[in-house]
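Spelled out, the chains give:
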Amino acid sequence: MAKPGPVLITTVCGALLGALVLTSLPASAAPGPPAYGPGAAHEPGPVRDGGGRETAAAPPRAFAARSSLTPADTPLRPGTGYPRRTDLTVPPVDPADKSIKLGLAPYHSLAPRLNALQGLGDRVSVEVAGRSAGGHELYLVTVTAPESAREAREQERMRELIENAPAAAAEDARLKAAYKTPVFINNNIHGNEWEGTDAALELIEELATATDRKTAGLLARTRVYLNVTANPDGRIAGTRANGNGFDLNRDFVTASQPEARAIRRIAIDKQPAVMLDLHGYVNGTLIEPTTPPHGENYEYDLFLKNAYANALGMEKAVNGLGYTPAKDGVRPAVIPFRDEQEGWDDWPPIFTPQYMPFQGAVAAHTIEFPMTVNNQAYDTLPEAELRRRAAINVDIAGAAMRATLDHTDTHRASVLADQIETFRRGAAGEAQRPVSEETVPGVPGIGPEDVYTTTFPRAYVIPAGRSQSSAVAAARLVDHLVANDVRVGRAVDGSYVVDMRQPKRGMANVILAEGRDISADVSTMYDISGWSLGLLWGATVRRIEHGPVPRVVRPVHAAAPTGSVAPFGDLLLRLDDPKELAAVNSLLAQGVRVRATADGAAVVPASARRAARVLADRYGVVFRATKQRGTAPLERTRVAASVTAGELFALREMGFEVVPVSTEILNAGFDWSTADVLFVSRGLEYGKLVPAAREALRAGGAGVVGIGPAGAAFNAAAGLLPATAVEGNGDANGVVTVRNAGGAITGGAPGHSFVYAPMWFTGLGAGVRTEQSYAAVDPLVSGHWRPGADGRGGPGDAAGRASVVSGTAAHGAPVVLFGTEPLFRDHPKGVFAQVGRALLAR
């Protein structure tokens, strides 16, 4: 049933592409029942992040984290016609590319193949949308009927009219007749879920070369955008994550990684009405829409109407390929909204298809093709079986793509009308329409469990900052809003105003709102349930429910500069923000003699004013004049870290010199003269250290910072601090209210933090200080946190308990333990400084 690889490419490009392409084409499906399919074992279920803290390993040291403190998007080329041909640079052949074993296209074959596809006619354009964390180019392909520059400008005018003047767009006859529906197909965002890329290549060639009237009509009415591989680093290495160790399909709304920012740019510039995100592996093929809870900031009635109808078409196409459990090991497709009760939700905006509705998509789908070829299967199954499975997956991915194009073209008028209506409701400030059988006719099984709506405020106001740190945080938040295409204005008093009567109000609210406690609504969640940037990024955000909105004097395209340096005297730098930590670490690296204050700030000598000016400009931080002398010198901190990829990235964002370590590395004889602090959050077990490694750690005198169960277990096994760690429900996560004790670690910290498998400390012995505790009553603000089956481990048990503790071990080393997740996935920026201060307080 799987198609043989296309042959036109080899005739166009000759022998050179033979070595690059022909070896990578999918093998045809083998006839007869599979040796490793039906009756052997069920395909494993989806990879889920729930049920414990993040466990993704930090990447190898060769992948240095790229700072996201000032992210930049790669602009695409507006205003020019189509085709837009790019002569892509061909990377060196990599025989170790993990795609090859599966009979799929290795990354190095993509550029020559796309170069050849551009030469097949006038329908295919390729642009470089950005670069991955590992430096690989990201290829955006557009397939459409040719457009002159004038015609392309008219398409752009109509696209802008849909967003910026939706009421007028709804009445525009020319737009209804001539606007090309944008469809976006995103492939391979998880690097070891390969097959979407190969299906996309087949589709591009098919659309480029077809001579039938149906294809010509489709491309006259549609622009098809394909991100050929969203994660080339992972495709090459056979890893889920990118080169920085990040799961990119958990990075939307934070956008710490360049690949996520490239997709965000595509979403904003191209404004897709329909979107697919290709994944594996769930048998039968999983096709969104999903189970409750549903994102409360969507216009969910419009979304469900279109997503369910398109899902039915994809289901028919996938099942129509003729694969069966008995013959091929392929079970029928599943639509979770219809077929499941819970566990596949569309609540958080961290996933690509859950982000897209905020940029105008009225149907966005995760597609999970069925036949597992990664992880253990990749290492243990015969190559012939892996290729058979991969070919089936390519076939299924292609069927989903073609069905989506057919559906979008057939229902073009209603799809565009609903995209326009999404923006119109936002601009008009209208209430959402709860889903029901009346509001979404034709979708079966809608019940009260599917109703998730919110009440949008009239506006949000972000003060420019009463303190130097909050000014930095406000600027970061404003720049992030603008980067997500949210309209922000500047008021007379200098504050930033987000008027919620705007087309992308859902995007604004998903970033700024506190969120919601959904613990009572469902028993389980697929991933995180709370994420508020308004509470976790360090800025002050005021919500205006009703009444007048502060008068805006100008629109904001970027936050105003915040950095400054006092003209005379010694300088005080607060350390309440990750940018301030980055600045002080830069000064320390330059040999500047910085001293700490009792409340965790830094005193910089007047002699370093020139260096301070450079850093004030780079990071937007404020150096104020001070007469304080400081209590002790601050020194450059070198960190030996057994941490997650997100934590490593955040530590390097703050300017710390970090060396990843493990049990094996310490047992091999780690040189503790090269490190000042041991940071433990995963994978390092004291009980597995050999006696020599334990003695070296003790003799080295390194401080210890521990996060979560792994950090607490290391502390207990090493006998560092007398404190009992209590683990809450391992499935819990969200935004919590905390009380800070002040001082060197939590002085100036915000009143909220983030938890994932939350933990707290009891039985504190002599000399152990509570640096932070959970709120005395019900600390959960937003997220999902229930007691366990035994009635324990809920937020009531955590209330009032210590969430961060510190003290000094018997051998004189400082120790800090966190029961919260202050660096989780590089997300809660306003909480980072607590860890930075703990590392400096050695």
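Notes on the structure follow. (Residues numbered from 1 in each chain as written. Predicted model: local features only at pLDDT ≥ 70, side-chain atom pairs only at ≥ 80, totals over all residues. Heavy atoms only, no water.)

Attention now moves to the side chain of D527. Relative to the helices and strands, D527 resides in the loop between helix 19 (505–512) and helix 20 (533–536). You can call D527 buried: its relative accessible area is 2%. At 3.1 Å, the side chain of D527 and the side chain of R250 are in polar contact. (Helix = DSSP H or I, 4+ residues; strand = E, 2+ residues; numbered from the N terminus. Buried < 20%, exposed > 50% of the residue type's maximum accessible area, 1.4 Å probe, protein only. Polar contact = N/O pair within 3.5 Å; in protein donor to acceptor, adjacent residues only side chain to side chain.)

Right, let's get into the packing of aromatic side chains. Counted under the stated rule, the structure contains 18 aromatic pairs. An angle of 25 degrees between the planes, with centres 5.7 Å apart, marks the rings of W194 and Y378 as stacked. Here the residue W194 occupies a position in the loop between strand 3 (181–187) and helix 7 (195–209), and Y378 occupies one in helix 15 (residues 375–380), the gap between them amounting to 184 residues. Each of the two residues, W194 as well as Y378, counts as buried. Ring centres of Y774 and W785 lie 6.3 Å apart, and the angle between their planes is 70 degrees; on these two criteria the pair is classed as edge-to-face. Separated by eleven residues along the polypeptide, Y774 in strand 29 (residues 769–774) and W785 in the loop between strand 30 (780–784) and helix 28 (795–798) bring together distant segments of the chain. For the pair Y774 and W785, one class covers both residues: buried. Through pairs of rings, three or more aromatic residues link up here, namely Y298, Y300, F303 and F358. Sitting over the ring of Y82, R84 keeps its end group 4.1 Å from the ring centre. The aromatic ring of Y378 is capped on one face by K101, whose charged end is 4.5 Å from the ring centroid. (Phe/Tyr/Trp six-rings, centres within 6.5 Å; stacked < 30°, edge-to-face > 60°. Lys NZ or Arg CZ within 6 Å of the ring centre and 35° of its normal.)

Relative to the helices and strands, A210 resides in the loop between helix 7 and helix 8 (213–221). A210 gets classed as buried once you look at its relative accessible area, which sits at 15%. If we skip the residues at most four places from it in the chain, A210 touches R123 and T215. (Contact = heavy atoms within 4.5 Å.)

Attention now goes to the sheet that holds strand 14 (residues 552–555). With antiparallel pairing, the five strands of this open sheet are ordered in space as 13-10-12-11-14. The open sheet has two free edges, formed respectively by strand 13 (542–544) and strand 14, since each of these has just one partner strand. Each strand axis lies, on average, 30 degrees off the axis of its neighbour in the sheet, ignoring direction. In terms of strand pairing, strand 10 (residues 459–462) meets strand 13 through three bridges, oriented antiparallel. For A459, the partnering residue across the bridge sits in strand 13 and is I544. Each of strand 10, strand 12 (496–499) and strand 13 is contacted by helix 19, which is oriented at about 50 degrees to strand 10, the strand it contacts most. (Pairing = 2+ DSSP bridges. Axes fitted to C-alpha atoms, helices over the stretch in contact; angles between N-to-C directions.)

With their axes 10 Å apart at the nearest point, helix 21 (residues 578–589) and helix 22 (residues 609–619) run at an angle of 150 degrees to one another. One element, helix 21, and the other, helix 22, form an angle in the roughly antiparallel class. With respect to the hand of their crossing, helix 21 and helix 22 are arranged in right-handed fashion. Facing helix 21, whose interface residues are K579, A582, A583, S586 and L587, helix 22 presents A611, L615, R618 and Y619. For the contact of helix 21 with helix 22, the residue count by class is six nonpolar, one polar and two charged. (Parallel < 35°, antiparallel > 145°, perpendicular 65-115°, else oblique. Left-handed = near helix turned anticlockwise from the far one by under 90°. Nonpolar A, V, L, I, M, F, W, Y, C, P; charged D, E, K, R; others polar.)

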